[in-house]
Amino acid sequence: MLFVVATKHGTKQMARYDRAITVFSPDGHLFQVEYALEAVRKGNAAVGVRGTDTIVLGVEKKSTPKLQDSRSVRKIVSLDTHIALACAGLKADARVLINRARIECQSHRLTVEDPVTVEYITRYIAGLQQKYTQSGGVRPFGLSTLIVGFDPDTGVPALYQTDPSGTFSAWKANATGRNSNSMREFLEKNYKETSGQETVKLAIRALLEVVESGGKNIEIAVMTKEHGLRQLEEAEIDAIVAEIEAEKAAAEAAKKAPSRDT
Amino acid sequence: MCSKSQRSVAFRFHRILRRTTNRPCFPRLRSSFDTAAFFPDRREGSKKEMECVFGLVGDGFALVAADTSAVHSILVHKSNEDKVMILDSHKLLGASGEAGDRVQFTEYIQKNVHLYEFRNGIPLATAAAANFTRGELALALRKNPYSVNILLAGYDKDVGASLYYIDYIATLHKVDKGAFGYGSYFALSMMDRHYHSGMSLEEAVDLVDKCIIEIRSRLVVAPPNFVIKIVDKDGAREYAWRESIKDAGVSAA
């Protein structure tokens, strides 16, 4: 199964190198991988923020059809008691990857009697994604993942991102999916070391840059060392969004007030 | 009240790790020597019948007690070996048998039960876990059998507390009281005499103590120390230790 995506700049020359994953183009591109990244860019927005004692994952919830049971669509999943994952891209591919990762978490516990570190499971998932960029007859996974967790020994929080090419790296805060560039710019401008509720607010503020505000358009999960992963209720999210809006309004008012005095 | 669909789910488990014990296999001959690799000269579990595991169901809870000695021939390696594993938040797995098999098999079951919980968002029911365990034993039985006897106790909100007796040859029974090992001769007799359904915690622990006293006084190589674990609506946890020999450095917790 190959990606058949119409390339905007598709000359006949380039088109010849994008059918099979195992073929490099003359200028060193693997087009199938790049098309997979396109699929990620069309997926819903996902953001992750690492605080000193809390890590927050947020995902955009596109409007749910009226008849759909929204509880069956869980976008932020736990891989183990101390690891969680959010992704952007093809959700069906995500199911496969998540399943393999969950098995690996338990398998690791069985063989070495230790829970996985965040880096280990990220390396595993990224390795899996890479394998599918170097095999015949398969296509890459069309998703980027944000993996968060606390290392079991040190208790240090960690946030990692993988992408369809199989690369991974650690981040203080990152975004993927739709409009991830604007979210990342926002985070770069506004990131500072936070903890607890401040981290949640930062994540929601980043998401609100690209998503319609409101509890029903955002899904947020908070991970702490003591309580593991906790999905926030819609009401909670609405409350925090209201706080953020109030703060924004207050900031605007403060900006306008001095000019009135002068 | 485990529905048939839950039972079939148990068999759809992905075997997360091939059974790693390198057991000797008989060559593939079409003869009666082919099949199960139980050594013919050893009565199955004879060495391990010194290990006592017993359990009973009370009013809204289940108790599993096991001895805590790790023995090899005439040597006692340690007398604080915990043989009752906490399978998940509301399940206990008391096991006796070959030391290597016991740990390997019970950990394998535990990890698969956890995997089910992560995949499906809800924990496995006690009956489903028992059937899965029994299924794994049955699958291995005629190839590379595990010599492990298991008492699986659990608490489900809809069913209450239940106890399952799982033999090394993959027998499965839902029981109110069960026991393994030489100690079972004494424990079952005591329980037959004093057990009644819906016992309170005090009565049940008293009965367990009676069984332990019986084992200690009547079994020639009786294990000195026992651990008692309980599972009820508040979860699975250690209840008490009964130690008659306290080594230096044996932690009672």
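Values in this document were obtained by computation on a predicted structure and should not be read as measured data.

Asks: Please provide a residue-by-residue account of the overall build of chain B, values included.
Replies: The helix and strand inventory of chain B stands at 5 helices and 12 strands. Among the 253 residues that make up chain B, the fraction classed as buried is 51%. The long-range share in chain B, meaning contacts at least 24 apart out of those at least 6 apart in sequence, stands at 62%.

Asks: Please set out helix H2 (residues 31–42) of chain A residue by residue, giving values where relevant.
Replies: For H2(A), which comprises 12 residues, the first-to-last C-alpha distance of 17 Å matches the rise-based estimate of 16 Å (1.5 Å per residue) to within 8%. Regarding H2(A), the residues found buried are Phe31(A), Gln32(A), Val33(A), Tyr35(A), Ala36(A), Ala39(A) and Val40(A).

Asks: Help me get a handle on helix H5 (residues 180–190) of chain A, residues and values and all.
Replies: Residue and element names in this part refer to chain A. For H5, every residue scored as buried is listed here: Ser180, Met183, Phe186 and Leu187. Projected down its long axis, H5 carries its buried residues within an arc of 125°, all on one side. Facing away from the buried side of H5 by over 90 degrees, the exposed positions are Asn181, Glu188 and Lys189. Looking at the buried side of H5, the elements it contacts are strand S1 (46–50), strand S8 (173–176) and helix H6 (197–208).

Asks: An account of the pairing of strand S4 (residues 83–89) of chain A is needed here, citing residue identities and associated values.
Replies: Residue and element names in this part refer to chain A. Across the 7 residues that make up S4, a large majority, 7, are buried. Here S4 shows no split at all, with Ile83, Leu85, Cys87 and Gly89 on one side and Ala84, Ala86 and Ala88 on the other all buried. Two strands pair when backbone bridges link them, and strand S3 (residues 76–80) and S4 are joined in this way by 4 bridges, in the antiparallel orientation. Paired with isoleucine 76 across the two strands is alanine 86, which belongs to S4. In this structure, the hairpin formed by S3 and S4 is closed by a connection of 2 residues. Two elements, S4 and strand S5 (residues 143–150), share 7 bridges in a ladder whose sense is antiparallel. Directly across from glycine 89, in S5, lies its bridge partner leucine 143.

Asks: I'd like to hear about the pattern of salt bridges, residue by residue, with values.
Replies: Pairs may arise between side chains of opposite charge once their charged atoms sit close together. For the structure on display, the rule yields 23 salt bridges over all chains. The partner of Arg102(B) in a salt bridge is Glu81(B), and the shortest N-O contact between them spans 3.2 Å. Remark: Glu81(B) occurs in the loop between strand S4 (75–78) and strand S5 (84–88) and Arg102(B) occurs in helix H2 (residues 99–120); sequence separation between them is 21 residues. Using a relative accessible area of 16% as the deciding quantity, one classes Glu81(B) as buried. One salt bridge in this structure joins Lys177(B) and Asp192(B), with 3.7 Å as the shortest N-O distance. With Lys177(B) in strand S10 (residues 177–180) and Asp192(B) in helix H4 (residues 183–194), this residue pair connects regions lying 15 residues apart in the sequence. Taking the relative accessible area as the measure of exposure, Lys177(B) reaches 26% and is therefore partly exposed. You can call Asp192(B) exposed: its relative accessible area is 54%. Sharing partners across several salt bridges, the network here consists of Glu198(A), Lys201(A), Glu243(A) and Glu247(A).

Asks: Lay out the sheet that holds strand S9 (residues 218–224) of chain A in plain terms, naming residues and giving numbers.
Replies: Residue and element names in this part refer to chain A. Taken together, the 5 strands give an open sheet; going across it, the order is S8-S1-S2-S9-S10, and neighbouring strands pair in antiparallel fashion. Only two strands of the sheet have a single neighbouring strand rather than two, namely S8 and strand S10 (228–231). When the angles between neighbouring strand axes are averaged without regard to direction, this sheet yields 15°. Note that S9 and S10 share 4 bridges and pair antiparallel.

Asks: Report on the confidence of the model for chain A, specifying residues and quantitative values.
Replies: Confidence along chain A averages 88 in pLDDT terms, with 90% of residues attaining 70 or more. Contacts from residues 4–10 of chain A, a stretch scored under 50 in pLDDT, to residues over four places away or in other chains number 3 contacts.

Asks: Can you break down the packing of helix H3 (residues 91–112) of chain A against helix H4 (residues 118–131) of chain A residue by residue, with the values?
Replies: Residues and elements named next belong to chain A. Interhelical geometry of H3 versus H4 gives an angle of 135° and a closest axis separation of 10 Å. With respect to H4, the element H3 is oriented oblique. The interaxial crossing formed by H3 with H4 has right-handed handedness. Two secondary-structure elements touch here, H3 through Leu97, Arg100, Ala101, Glu104, Cys105 and His108 and H4 through Tyr120, Ile121, Tyr124, Ile125, Leu128 and Gln129. Grouping the constituent residues of the contact of H3 with H4 by class yields 8 nonpolar, 2 polar and 2 charged.

Asks: Now, about the layout of surface pockets: what can you tell me, with residues and values included?
Replies: Of the voids in this model, the largest pocket is the one considered here, and its volume is about 850 Å³. Surrounding the largest pocket, 27 residues form its lining, Arg74(A), Val77(A), Arg102(A), Phe118(B) and Arg119(B) being those nearest its centre. Elements supplying a minimum of two residues to the lining of the largest pocket: S3, H3 and S10 of chain A together with H2 of chain B. With 8 residues, H3(A) is the largest single contributor of residues to the lining of the largest pocket. When grouped by side-chain class, the residues that make up the lining of the largest pocket number 8 nonpolar, 9 polar and 10 charged.

Asks: Give a detailed account of the packing of aromatic side chains, specifying residues and quantitative values.
Replies: One pass over the structure, following the stated rule, counts 6 aromatic pairs over all chains. Seen in terms of ring centroids, Phe31(A) and Tyr35(A) are 5.9 Å apart; in terms of plane orientation they differ by 25°. Their pairing is stacked. Here the residue Phe31(A) and the residue Tyr35(A) both occupy positions in helix H2, the gap between them amounting to 4 residues, near one helical turn. Of the two residues, Phe31(A) and Tyr35(A), both sit in the buried class. The interplanar angle of 45° and the centroid separation of 4.5 Å between the aromatic rings of Phe105(B) and Tyr146(B) together place this pair among those described as tilted. Of the two residues, Phe105(B) sits in helix H2 while Tyr146(B) sits in the loop between helix H3 (126–141) and strand S7 (148–156), which places them 41 residues apart along the sequence. Given a relative accessible area of 0%, Phe105(B) falls into the buried group. With a relative accessible area of 4%, Tyr146(B) lands in the buried category.

Asks: I'd like to hear about the pairing of S1(A), residue by residue, with values.
Replies: All names here are of chain A. Within S1, 4 of the 5 residues are buried, which leaves it mostly tucked inside the rest of the structure. Pairing analysis gives 5 bridges linking S1 to strand S2 (residues 54–60), with the strands arranged antiparallel. When the sheet's bridge partners are listed, alanine 46 is paired in S2 with valine 59. A loop of 3 residues connects S1 with S2, the two strands running antiparallel in sequence.

Calculation rules
- Residues numbered from 1 in each chain as written.
- Chains lettered and ligands numbered in written order.
- Predicted model: local features only at pLDDT ≥ 70, side-chain atom pairs only at ≥ 80, totals over all residues.
- Heavy atoms only, no water.
- Helix = DSSP H or I, 4+ residues; strand = E, 2+ residues; numbered from the N terminus.
- Buried < 20%, exposed > 50% of the residue type's maximum accessible area, 1.4 Å probe, protein only.
- Contact = heavy atoms within 4.5 Å.
- Expected span 1.5 Å × (residues − 1).
- Arc of directions from axis to C-beta.
- Pairing = 2+ DSSP bridges.
- Salt bridge = Lys/Arg side-chain N within 4 Å of Asp/Glu carboxyl O.
- Axes fitted to C-alpha atoms, helices over the stretch in contact; angles between N-to-C directions.
- pLDDT = per-residue confidence, 0-100.
- Parallel < 35°, antiparallel > 145°, perpendicular 65-115°, else oblique.
- Left-handed = near helix turned anticlockwise from the far one by under 90°.
- Nonpolar A, V, L, I, M, F, W, Y, C, P; charged D, E, K, R; others polar.
- 1 Å grid on protein atoms, 1.4 Å probe; cavity = no way out; pocket = protein on both sides within 12 Å on 5 of 7 lines; lining within 4 Å.
- Points joined across faces, edges and corners; volume = space filled by probe spheres on them.
- Phe/Tyr/Trp six-rings, centres within 6.5 Å; stacked < 30°, edge-to-face > 60°.

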